[in-house]
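Summary of structural features
Take a look at the letters that make up each chain.
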Amino acid sequence: MDQIARTLSLPETPREFGFFIDGEWRHGRELAEQRSPAHGVPVTRVARCTTDDLNDAVAAARRAFEDRSWAGISGGERAGVLLRAAEILRRRRDEVAYWEVLENGKPIAQARAEIEGCIACFETAAGAARLLHGDSFNSLGDGLFGMVLREPIGVVGLITPWNFPFLILCERVPFILASGCTMVVKPSEVTSATTLILAEILTEVGLPKGVYNVVTGPGRSVGQAMAEHADIDMLSFTGSTGMGRSCVHAAADSNFKKLGLELGGKNPIIVFADSDLEDAADAAAFGISFNTGQCCVSSSRLIVEASVADEFERLLVEKMARIRIGDPLDEATQVGAITTEAQNRTILDYIAKGRDEGARLLTGGEVLEIGAGRFIAPTLFSGVRRDMAIARDEIFGPVLSSFRFETVDEAIAIANDTVYGLAASLWTKDLDKALVVTRRVSAGRFWVNTIMAGGPEMPLGGFKQSGWGREAGVYGVEEYTQIKSVHVEIGKRKHWIG
Ligand code: NAD
């Protein structure tokens, strides 16, 4: 354990960060200050990069890609770098978790567990770097042999959100590195610290300069310029569906860069009467409160069989009231602060809309006065109609809307009544029912009798307006490659000109 993790006090002065291009730290002319969402004090100061900075970063990533210092080495050598990064991350786990808490407001115990997940991402990607391969066709006749090569796509732009700044980063960076690509990362302007700390770690393990570059600053300037950049070959964007749509337009209007999009969700948790109701209620409370509901895979629509709905809602209210909400630097805290003031207002507005539209508030709905932070009690609305705003929109906060169903078909119809298709959780002891519902509900990630389980071996991504492509696992590495079909003639050519 390092010094910071033992003391867990707030920093006396905000930590200042530069940005990282071509293996060098640069200083920003303008800095933006981030305050701890839970304590209200300034914790970091990060550069507002310009489009010139972005152009420098893309040029560095392009040089590093073309000089083959990364793409040209073996998968085994790339795996070595990734495994060394995992080791250093293990040593610096508590420090990275601490900065994640200070900028994001999530509980320290959760942040540490997330960094453990990040270490696993580096280890998994190391394995995938060695195993990445193409295909061959020995079936084209005696005169021709076919090979399918996988090549790194080139320079990747990576734009990440503020809800899981380091976890989302690490569900992508090691897999991009495993493919042989180089990259420019733009973290969310409110949570940039840990993305910059990763630059220190990757430098220490000997990643060639220019392979990992970080520019910081607002999405509407630097992010938009990345989406429009003609020398970025692929953009991996994680954030809201609205901004994802804007990236699609920007890609179409520039160089048709390939896009990976991980966007919003309005995820169902379907509870059948035959399930273990205690387990399901615990999962539902976790599914909506974890990370204060600021989670793309939060289960924000409870779809419960009518015969047990009253009993289930009672169980759930009792569990939600026992969640420990408070100072994220306290080891015992389960739910921390709302990350941004704008998000806080959005959540409170939706709670007011739910009341106005006639949904029944069963628990929560109020602001919690805890120090100088922004805290909202986990909230459950019952009797929600499918046309209400709290039924349709991604709130991105701890607000759960409850619906009832009588038949399997009705449960599936409610679950699919959304433009999103990111994740779903299903609770039943009946295997037939579990498989029928799993097949018919549109979601990129499915949990049966569990919720938010998994690891970096499993691909992540959404159906419908929740996105394009997959991250993590072998699928996640392949996403950053392009395929080349090679035809090799064997023997003398049969001449066309007689
Ligand atoms: P956001 O879309 O506001 O911002 C995400 C990132 O995009 C930030 O880095 C931001 O600076 C940048 N950005 C903003 N405007 C941009 C523009 N015009 N062009 C390019 N980049 C721009 O999202 P957020 O508020 O940071 O995160 C919350 C949203 O992200 C939610 O909708 C949530 O569901 C989604 N999300 C999805 C996943 C997933 O894996 N599907 C994971 C986490 C978050």
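Residues numbered from 1 in each chain as written. Predicted model: local features only at pLDDT ≥ 70, side-chain atom pairs only at ≥ 80, totals over all residues. Heavy atoms only, no water.

As named in an unreviewed UniProt entry, the protein chain is Acyl-CoA reductase, taken from Paracoccus alcaliphilus. The heading Sequence similarities (unreviewed entry) in the UniProt record of the protein chain holds the text "Belongs to the aldehyde dehydrogenase family." (UniProt positions renumbered as here; feature names shortened; annotations may be inferred.)

**Things to note about the domain arrangement of the protein chain**
Once the domains are mapped, the protein chain shows domain 1 (2–263 + 466–484) and domain 2 (267–448). Spacing between the C-alpha centres of domain 1 and domain 2 amounts to 30 Å. Counting from both sides, the interface comprises 28 residues of domain 1 and, opposite them, 29 residues of domain 2. Taken together, the two surfaces of domain 1 and domain 2 that pack against each other cover about 2200 Å², and 58% of this comes from carbon and sulfur. It is Pro37, Trp162 and Ser466 that lose the most area in domain 1 upon contact with domain 2, and together they represent 25% of the buried surface on that side. In this assembly, domain 1 and domain 2 are joined by one salt bridge. Here Glu331 makes a salt bridge to Arg112, at a shortest N to O gap of 3.1 Å. When contributions to the side of domain 1 that touches domain 2 are tallied by element, the ones reaching two or more residues are helix H4 (93–104) and helix H5 (108–131). Split into classes, the residues belonging to the side of domain 1 that touches domain 2 amount to 14 nonpolar, nine polar and five charged. (Domains from an automatic or database assignment. Contact = heavy atoms within 4.5 Å. Buried area = accessible area lost by both parts, 1.4 Å probe. Salt bridge = Lys/Arg side-chain N within 4 Å of Asp/Glu carboxyl O. Helix = DSSP H or I, 4+ residues; strand = E, 2+ residues; numbered from the N terminus. Nonpolar A, V, L, I, M, F, W, Y, C, P; charged D, E, K, R; others polar.)

**Description of unusual backbone geometry**
Residues apart from glycine generally show negative phi values, whereas peptide bonds are mostly found in trans. The backbone of Arg68 shows a phi angle near 65 degrees, a positive value even though the residue is not glycine. Within the secondary structure, Arg68 sits in the loop between helix H2 (51–66) and helix H3 (75–91). Its relative accessible area of 48% is what places Arg68 among the partly exposed residues. (Buried < 20%, exposed > 50% of the residue type's maximum accessible area, 1.4 Å probe, protein only.)

**Overview of the UniProt feature "active site" (unreviewed entry) in the protein chain**
Here the UniProt-annotated "active site" (unreviewed entry) positions come out as Glu262. Here Glu262 is to be found in strand E12 (residues 258–262). Apart from the residues within four sequence positions on either side, Glu262 is in contact with Arg172, Phe237, Thr238, Gly239, Leu460, Gly461, Ser466, Gly469, Arg470 and Glu471.

**Structural notes on the pattern of salt bridges**
Tallying each qualifying case throughout the model produces 39 salt bridges. The partner of Arg90 in a salt bridge is Glu87, and the shortest N-O contact between them spans 2.7 Å. Here Arg90 and its partner Glu87 are both found in helix H3, three residues apart, which amounts to about one turn of the helix. Between Lys186 and Glu189 there is a salt bridge, with the nearest N and O atoms lying 3.5 Å from each other. Judged by relative accessible area, Glu189 falls into the partly exposed class, the value being 38%. Salt bridges linked by common partners bring Arg93, Asp94, Arg112, Glu116 and Glu331 together as one network.

**Thoughts on helix H15 (residues 408–416)**
Of the positions making up H15, those classed as buried are Ala411, Ile412, Ile414 and Ala415. With its buried residues spanning 165 degrees around the axis, H15 presents them on a single face. Elements in contact with the buried residues of H15: strand E13 (267–271), strand E14 (299–305), strand E19 (399–405) and helix H16 (431–440). (Arc of directions from axis to C-beta.)

**A short note on the sheet that holds strand E25 (residues 481–489)**
With antiparallel pairing, three strands are arranged side by side in an open sheet as E6-E7-E25. Bordering the open sheet on either side are strand E6 (135–137) and E25, each of which pairs with just one other strand. Neighbour to neighbour, the strand axes of the sheet diverge by 20 degrees on average, direction disregarded. Examined bridge by bridge, strand E7 (residues 144–152) and E25 share nine bridges and lie antiparallel to one another. Across the sheet, residue Phe145 finds its bridge partner in E25, namely Val488. (Pairing = 2+ DSSP bridges. Axes fitted to C-alpha atoms, helices over the stretch in contact; angles between N-to-C directions.)

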